[in-house]
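These are the residues of each chain, in order.
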Protein chains: 2
Amino acid sequence: MIRVGINGYGTIGKRVADAVTAQPDMELVGVAKTRPNFEADTAARKGYPLYAAIPDRAGAFDAAGIRIAGEVTELVGASDVIVDTCPSGIGAQNRAMYEAYQTPAIFQGGEDADVADGSFVARANYDSVRDLEYVRVVSCNTTGLSRLLAPLREEYGVRKARATLVRRGGDPGQSDRGPINDILPDPVEIPSHHGPDVKTIFPELDIDTMGMKVPATMMHMHGVNVTLESEPTAEEVRELLEAESRLFLIPEEADIDGAGKLKEYALDAGRPRGDLWENCIWGRSISVERGDLYLFQAIHQESDVVPENVDAIRALCSDVDADESIARTDESMGVGFESRF
Amino acid sequence: MIRVGINGYGTIGKRVADAVTAQPDMELVGVAKTRPNFEADTAARKGYPLYAAIPDRAGAFDAAGIRIAGEVTELVGASDVIVDTCPSGIGAQNRAMYEAYQTPAIFQGGEDADVADGSFVARANYDSVRDLEYVRVVSCNTTGLSRLLAPLREEYGVRKARATLVRRGGDPGQSDRGPINDILPDPVEIPSHHGPDVKTIFPELDIDTMGMKVPATMMHMHGVNVTLESEPTAEEVRELLEAESRLFLIPEEADIDGAGKLKEYALDAGRPRGDLWENCIWGRSISVERGDLYLFQAIHQESDVVPENVDAIRALCSDVDADESIARTDESMGVGFESRF
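Residues numbered from 1 in each chain as written. Chains lettered and ligands numbered in written order. Predicted model: local features only at pLDDT ≥ 70, side-chain atom pairs only at ≥ 80, totals over all residues. Heavy atoms only, no water.

1. Here's the deal with the pattern of salt bridges
For the record, the criterion: Should a side-chain nitrogen of Lys or Arg be within 4 Å of a carboxyl oxygen of Asp or Glu, the pair is scored as a salt bridge. Segments assigned H or I by DSSP are reported as helices when at least four residues long, segments assigned E as strands when at least two residues long, and all are numbered from the N terminus. A 1.4 Å probe rolled over the protein chains alone gives each residue an accessible area, and that area as a share of the maximum for its type sets the label: buried under 20%, exposed over 50%, partly exposed in between.
Inspection of every chain in the model, using the stated rule, returns 68 salt bridges over all chains. A salt bridge links Arg45(B) to Asp41(B); the nearest nitrogen and oxygen atoms lie 2.8 Å apart. Linking Arg45(B) with Asp41(B), this pair stays in helix α2 (residues 38–46), spanning four residues, or about one helical turn. Between Asp127(B) and Arg130(B) there is a salt bridge, with its nearest N and O atoms 3.9 Å apart. Asp127(B) sits in the exposed class, given a relative accessible area of 53%. Here Arg130(B) falls in the partly exposed class, since its relative accessible area comes to 21%. Members of the salt-bridge network, linked through shared partners, are Asp25(A), Arg147(A), Arg246(A), Glu308(A), Asp311(A), Arg314(A), Glu324(A), Arg328(A) and Asp330(A).

2. So, the pairing of strand β9 (residues 158–168) of chain B
Residue and element names in this part refer to chain B. To keep things clear, this is the line we draw: By this definition, two strands are paired if DSSP reports at least two bridges between them.
Buried residues dominate β9, accounting for 10 of its 11 residues. With eight bridges joining them, β9 and strand β11 (residues 207–214) adopt parallel strand pairing. Looking across to β11, one finds that Thr-164 is bridged to Met-210.

3. Description of the nonpolar core
How we decide: Here, nonpolar core means buried Ala, Val, Leu, Ile, Met, Phe, Trp, Tyr and Cys residues that are tied together by side-chain atoms lying within 4.5 Å of each other. In this description, contact between two residues means that some pair of their heavy atoms is separated by no more than 4.5 Å.
Ranked by size, the top nonpolar core spans 51 residues in total, and within it Leu262(A), Trp282(A), Leu262(B) and Trp282(B) carry the most contacts. Leave out the neighbours within four places in its chain, and Leu262(B) touches Met219(B), Phe248(B), Ile250(B), Ile256(B), Leu276(B), Cys280(B), Trp282(B) and Ala298(B).

4. Considerations on the domain arrangement of chain A
All names here are of chain A. The condition is simple: Segment limits for the domains were obtained from an automatic or database-derived domain assignment. Two N or O atoms form a polar contact when they lie within 3.5 Å of each other; inside protein one atom must be a possible hydrogen donor and the other a possible acceptor, and for residues adjacent in sequence the pair counts only when both atoms belong to side chains. The residue classification treats Ala, Val, Leu, Ile, Met, Phe, Trp, Tyr, Cys and Pro as nonpolar and Asp, Glu, Lys and Arg as charged. All others, Gly included, are polar.
Here chain A is partitioned into domain 1 (2–138 + 305–336) and domain 2 (140–304). In this structure, domain 1 and domain 2 have C-alpha centres spaced 25 Å apart. With 28 residues of domain 1 at the interface, the matching set in domain 2 holds 26 residues. Here domain 1 is connected to domain 2 by 10 salt bridges. In this structure, Arg-123 engages Glu-154 in a salt bridge whose closest nitrogen and oxygen atoms are separated by 2.9 Å. In this assembly, domain 1 and domain 2 are joined by 19 residue pairs in polar contact (both at pLDDT 80 or more). Along the lines of polarity and charge, the residues of the side of domain 1 that touches domain 2 split into 13 nonpolar, six polar and nine charged.

5. So, the UniProt feature "binding site: D-glyceraldehyde 3-phosphate" (unreviewed entry) in chain A
Residues and elements named next belong to chain A. This is how the line gets drawn: UniProt positions are given in the numbering used here, feature names are shortened, and annotations may be inferred rather than shown by experiment.
In the numbering used here, UniProt assigns the "binding site: D-glyceraldehyde 3-phosphate" (unreviewed entry) feature to Ser-139, Cys-140, Asn-141, His-194 and Gly-195. A compact arrangement is adopted by the annotated residues: their sequence extent is 57 residues, whereas the largest C-alpha distance between any two is 13.0 Å. Here Ser-139 lies in the loop between β8 (134–137) and α7 (140–156). Filtering out sequence-adjacent residues up to four positions away, Ser-139 remains in contact with Gly-109, Asp-197 and Val-305.

6. Structural notes on the relation of the copies chain A and chain B
We apply this condition: Superposing the copies works by least squares over the C-alpha atoms of residues that have pLDDT at least 70 in both of them.
The transformation that overlays chain A on chain B combines an axial shift of 0.0 Å with a rotation of 180°, and the residual RMSD is 0.0 Å. The relationship between the two copies is best expressed as a two-fold rotation axis. Relative to the rotation axis, the closest C-alpha in chain A is found at Pro215(A), a distance of 3.0 Å.

7. Let's talk about the interface of chain A and chain B
Which entries qualify depends on this criterion: Accessible surface is computed with a 1.4 Å probe, and the buried area is the amount of it that two parts give up when combined, taken over both parts together.
Opposite the 46 residues of chain A that make contact, chain B presents 46 residues. Per-residue buried area on chain A facing chain B is highest for Ile183(A), Tyr294(A) and Phe296(A); these three make up 18% of the total on that side. Here chain A is connected to chain B by eight salt bridges. If you look at where chain A meets chain B, you find 21 residue pairs in polar contact (both at pLDDT 80 or more). Residues belonging to the side of chain A that touches chain B are distributed by class as follows: 22 nonpolar, 12 polar and 12 charged.

8. Side note on a negative patch on the surface
Residue and element names in this part refer to chain A. Stated formally: Candidates for patches are residues over 30% relative accessible area with no salt bridge; among them, like charges are joined within 9 Å and nonpolar side chains (Val, Leu, Ile, Met, Phe, Trp, Tyr) within 5 Å. All accessible-area figures derive from a Shrake-Rupley calculation using a 1.4 Å probe, and residue coverage is judged against the displayed protein chains alone. Just so you know, the count uses Lys and Arg for positive and Asp and Glu for negative, and it drops His and the chain ends. One atom stands in for each charge, and that atom is NZ of Lys, CZ of Arg, CG of Asp or CD of Glu.
Judged by side-chain charge, Glu-155, Glu-236, Glu-239 and Glu-242 come together as a negatively charged surface patch. The greatest single-element share of the negative patch, amounting to three residues, is contributed by helix α9 (residues 234–242). On the secondary structure map, Glu-155 appears in helix α7.

What follows is the structure in structure tokens.
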């Protein structure tokens, strides 16, 4: 059993905690949290041992009637690996603590690439991080692009990739974010940082990305163009992508036009929090002409990296190989929509 | 004096009426409207002769206390040219009426290309429509792309253009449109119809476009990639585009991050309805690497075609050449932001 501690219990942390709990080869040591908010309350109700992420705040948990198992350093000391899901930038500050306890750690994509010794997407580069102690699971958008590009690179070769990332302004709970009724170039500079981030996974890849921000909260939408080195048909590309467990090809008959219906489909299916762990690709959008592939994919910013974190744990702390880890993660979490149709 | 009639007095019609009134070489014969709504009220207050677009509705105008000058056929008969700004599809039905009165007509981009004998963007193909009687001013998005591509084609040559069009869900007054809190591939099929529409202006151009629809009402946003045949610097491209009167290069110091501030800038400048007749291009977004140009531009769907309609009138009904017409239109309407900085 791999003993997993989670430092940070927000959008990603709480999902990783549930996913780790579902793994037969992992044990959740506990989760660390800074404040006794609604998420801490849920953790307590689920019976997850709760550690105070900031020492002198333990009193606040007491006041809220939430029992604390200890301080975050105890969690770090008791774990084989820490998944750091703290807000962007805090992970980098935490690395020294993990090093002091000689505990390997997995950081998130909000951190700069140099927070860790390697970046990770299970389908793309699982083996490359196996000897490392500090690894970064890349951001939701980078994960989504990498998962799509991995099979395309292997099967056809990629000459150049271009993506326009139309990003949700904030998560559903981030009520202080914008924009309202506007479409912002974000960042205004081109290429955006997303392209270079994908290159932490595929260093040789030629990719340019542009970002925008719009008044939506549910998912990101990518308009993707990939100039391939060979010239498959759209149908061949569709079949290639359909075979990938973390790519969901939305069938035309599903009558799904956007993130709203995708989320509703996931909720109807009983998925936790209505999560969509897969890239959601409109099958009908896939078009290829003279090696120029285009498609639309929606990316659930809150959850697509969750199975990646589970696989990263195995890559760092076990001998399980990539295919086996992905299969175990998918099976235990319920990743993959194909069989439902 | 060119006698101009306008059939349809909605978003585009009312703006074209004002723009025609501002031209020293044009006379507004009148405008035709189906219903005595708030726009008809404004037309009456401005003293524009109002014609009933549907014969048996004249009584409704009487009831609303709005005086009618006659029926639309009288307007068509009394005009040298009709600008048809009726809702999409109605223009095609109207063509027979214009033919019956041997009155040339200008249609809008909501109509199929075959409604007319040629499509029009002043900067791109003014001369090509001069012997025609029926011309279509292309849509706001096609106009915006064509204006941008015209100087790039002339100066550098264009190998391939790609654009992701993130479109406003509806105009500010279209309260029955969506989406709310979603990002929709729209159309899901790729390439979208916008690329072929640009080819009505540049038949030889290789262009692919993708469309999305988002919860915003103010302007469209284009993420544009143009693979050029030569390799200018970003600064050279910036200077080239800055010299175009209908391209507004948003300077960094203006501190404009989206459509909201663009509109506010136009309103502060006292522009009618806060209109932005120019493509609004973020100067800072312009980047070029090995002939691959990227930029963001915002397109005001309600107004960018208005100066084009004015120029189309001159192309059909006068000997004025393209440069002179564009200059007159710009001068009389106040197109061009450059001098304000």
